[in-house]
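Here is what each chain is made of, one letter per residue.
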Amino acid sequence: MSNNITIAIAGNPNSGKTTLFNAITGSRQHVGNYPGVTVEKKEGKFKYEGKEIKVIDLPGTYSLSPYSIEEIVTRNFIIEEKPDVIIDVIDASNLERNLYLALQFIELEIPLLLVFNMMDFATSQGYKINIKLIEKLLDTPVVTAIASKGEGIEYVIKSALSLAKNKKKARGNMIKYSKEIDKYINILSNFLSSNNVTEGRYSGRWLAIKLLEKDTEITGEIKKHKLSEEIMAKVSEAREDIKKFFNEEPENIISDRRYG
């Protein structure tokens, strides 16, 4: 592990993401803008066991689909800047909505730590959360915190730095969409990877899913590639077969399966 480590903090709006960022970085913060957009970029630094740790507070977002500037900024930062680890802050009292974003981070196959925040509120609402089971189901480390009270912050930092050190990436292939969709994800993924279409920026599987979802940013990028016609023909064929089989658009089925 190098002496400079970058941690990106992400999460839904109102999940306590910025509270955690403030608790970790204290007053050592700098506010600017992301290049070319008016979205605020908050950066902080702290030293830990002799290492310089940079922390980025990413914009609050519900997903990584390119429908809002916040979603695009968050996704592009992760793909382009490749932080050493992402902390996804989750409102423990609203797991169903918050875990949708977590699954999209898992699909990106990056070192990921899930922080179940506001555990005191979740408990007061009568929720009992089996953290070990969720860790096992998602194959991703989960820690708990109450950022507003400063509880669990040290353990969050230790866990994040341990992930950065081991470079353990989330396993994107643990999410199954259905036999029919997974078949086409694998076909497309193998073609994209074997032709080095991803150029190491992201996994072939993630790219295949985005193309099946008709992701506008990714589709636009692929259309500039020398193999664009062949790739888009394969995507079009896959989408048609999936639509015939399910009688529904592939992006709707993929979204439903994530929630499922």
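Residues numbered from 1 in each chain as written. Predicted model: local features only at pLDDT ≥ 70, side-chain atom pairs only at ≥ 80, totals over all residues. Heavy atoms only, no water.

Some words on the nonpolar core
Move 1: With 60 residues, the main nonpolar core has Phe105, Leu114, Phe116 and Ile231 as its most contacted residues.
Move 2: Top contributing element to this core by residue count: helix H3 (residues 95–107), with 7 residues.
Move 3: What isoleucine 231 contacts, discounting residues up to four positions off in sequence, is Phe191, Leu192, Val197, Leu211, Ile222 and His225.
Move 4: The next biggest cluster of nonpolar side chains, apart from the first, holds 25 residues, and it includes Phe21, Val55, Ala147 and Leu161. (Core = buried A, V, L, I, M, F, W, Y, C linked by side-chain atoms within 4.5 Å. Buried < 20%, exposed > 50% of the residue type's maximum accessible area, 1.4 Å probe, protein only. Helix = DSSP H or I, 4+ residues; strand = E, 2+ residues; numbered from the N terminus. Contact = heavy atoms within 4.5 Å.)

A few points about unusual backbone geometry
Move 1: Although it is not a glycine, lysine 167 adopts a positive phi angle of roughly 50 degrees.
Move 2: Here lysine 167 shows up in the loop between helix H6 (153–166) and helix H7 (179–194).
Move 3: A relative accessible area of 55% means that lysine 167 is categorised as exposed.
Move 4: One non-glycine residue, serine 178, adopts positive backbone phi at about 150 degrees.
Move 5: Relative to the helices and strands, serine 178 resides in the loop between H6 and H7.
Move 6: With a relative accessible area of 14%, serine 178 lands in the buried category.

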